[in-house]
Amino acid sequence: MPRGDFDRSARKAETRARLLQAAARVYARRGFNGATLDEVAAEAGFTKGAVYGHFGSKENLLLALMEEHLARQIAEQIALFDRERTTWERPLAGSARWMELVEEDPDPFRLFVELWIYAQRDERLRRRLADGLDALRTTFARFGATSAADAGIEPAPHATEQFATVMLALGVGLPMLRLIDPDTVPASLLGAVLSVLISATESSSRARELLADPEKLSTPGSAA
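Treat the numbers as computed from the prediction; the structure is a model and nothing was measured. (Residues numbered from 1 in each chain as written. Predicted model: local features only at pLDDT ≥ 70, side-chain atom pairs only at ≥ 80, totals over all residues. Heavy atoms only, no water.)

When helices and strands are tallied, the protein shows ten helices and zero strands. Ordered by position in the sequence, the α and β elements of the protein form the string α-α-α-α-α-α-α-α-α-α. Referenced to the eigenvectors of the C-alpha coordinate spread, the extents of the protein come out at roughly 65 × 45 × 30 Å. Put simply, 64% of the contacts in the protein that link residues at least 6 apart link residues at least 24 apart. Accessible area for the protein stands at about 12500 Å²; split by element, carbon and sulfur atoms hold 57% of it. Positive and negative side-chain charges in the protein, numbering 28 and 32 respectively, have mean positions lying 5 Å apart. (Helix = DSSP H or I, 4+ residues; strand = E, 2+ residues; numbered from the N terminus. Contact = heavy atoms within 4.5 Å. Areas by Shrake-Rupley, 256 points an atom, 1.4 Å probe, with all protein chains shown as cover. Lys, Arg positive; Asp, Glu negative; His and termini not counted. Charge placed at Lys NZ, Arg CZ, Asp CG, Glu CD.)

Quick look at the structure:
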């Protein structure tokens, strides 16, 4: 690559990074609805045209923030997944770190909730957000498949994907409750529940079957 192209690419990446950092600060102060691209541009020391040139809209800018945040979380969760631990202990470190991050800096999580609400009325945003969350779900599913293999268990088809969806749901829902009423949701509850679920599925073939196919519970007599 010619030197000039490299320099332009580096400057473009630096500008994008500065705009995202500025957007994170502005959205944290104003919320999604209250933030403006003018304020983001001023915070970053650029023109509004620079924001449009890199992201195109306020919605795309928030999506980019969320995608970067999710990418960091995936990398951190992978680093914390320790195969030296027993299978039921493996979610404890990642869960504790996730709850700790929400506690230390809740603004990214609050912005995620705002984006989720906004995406209910915008199919394109909904799909983009779903794709981002699916990357995290895929990571959790790989954790489940690895742990099942280490435990000598052959999971039923789709069981690890279903378990990953439960992990993701708990990882979203429990922080929401804790931010509203921290006294009722201990930070350690997420890891504890995941450990209980792992122990239950490893010790019971019936539990694994139901996890793979929850519809069996809705069939009369199927739980007998």
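Our next topic: the nonpolar core. Core analysis: the largest hydrophobic core is formed by 48 residues, its most contacted members being Tyr27, Val40, Val51, Phe55, Leu61, Leu62 and Phe140. Looking at this core, the element that brings in the most residues is helix H4 (residues 58-80), giving eight residues. Not counting residues within four places of it along the chain, the set of residues in contact with Val51 comprises Leu19, Leu37, Val40, Ala41, Gly56 and Leu61. (Core = buried A, V, L, I, M, F, W, Y, C linked by side-chain atoms within 4.5 Å. Buried < 20%, exposed > 50% of the residue type's maximum accessible area, 1.4 Å probe, protein only.)

The next point concerns empty space enclosed by the protein. Across all of its chains, the model carries two cavities of 30 Å³ or more by this definition. Approximately 680 Å³ is the volume found for the largest cavity. Residue lining of the largest cavity: 39 residues in total, with Phe140, Phe143, Phe163, Met167 and Leu194 positioned closest to the centre. If you list the elements that add at least two residues to the lining of the largest cavity, you get H4, helix H5 (90-104), helix H6 (107-119), helix H7 (123-150), helix H8 (159-180), helix H9 (189-203) and helix H10 (205-212). The class makeup of the residues in the lining of the largest cavity is 25 nonpolar, eleven polar and three charged. The computed volume of the second largest cavity comes to approximately 30 Å³. In terms of lining, the second largest cavity is formed by Leu63, Met66, Glu67, Leu70, Arg128, Leu129 and Gly132. For the lining of the second largest cavity, the secondary-structure elements that each account for two or more residues are H4 and H7. Residue contributions to the lining of the second largest cavity peak at four residues, all from H4. Here the residues of the lining of the second largest cavity are counted per class, giving four nonpolar, one polar and two charged. (1 Å grid on protein atoms, 1.4 Å probe; cavity = no way out; pocket = protein on both sides within 12 Å on 5 of 7 lines; lining within 4 Å. Points joined across faces, edges and corners; volume = space filled by probe spheres on them. Nonpolar A, V, L, I, M, F, W, Y, C, P; charged D, E, K, R; others polar.)

Another point: the packing of H4 against H6. In contact at an axis separation of 10 Å, H4 and H6 are set at 130° when each is read in the N-to-C sense. In terms of orientation, H4 and H6 fall into the oblique class. Note that H4 runs across H6; the crossing there is left-handed. When H4 is examined against H6, the residues Glu59, Leu62, Leu63, Met66 and His69 are found in contact with a partner set consisting of Pro108, Leu111, Phe112, Leu115 and Tyr118. Classifying every residue of the contact of H4 with H6 gives eight nonpolar, one polar and one charged. (Axes fitted to C-alpha atoms, helices over the stretch in contact; angles between N-to-C directions. Parallel < 35°, antiparallel > 145°, perpendicular 65-115°, else oblique. Left-handed = near helix turned anticlockwise from the far one by under 90°.)

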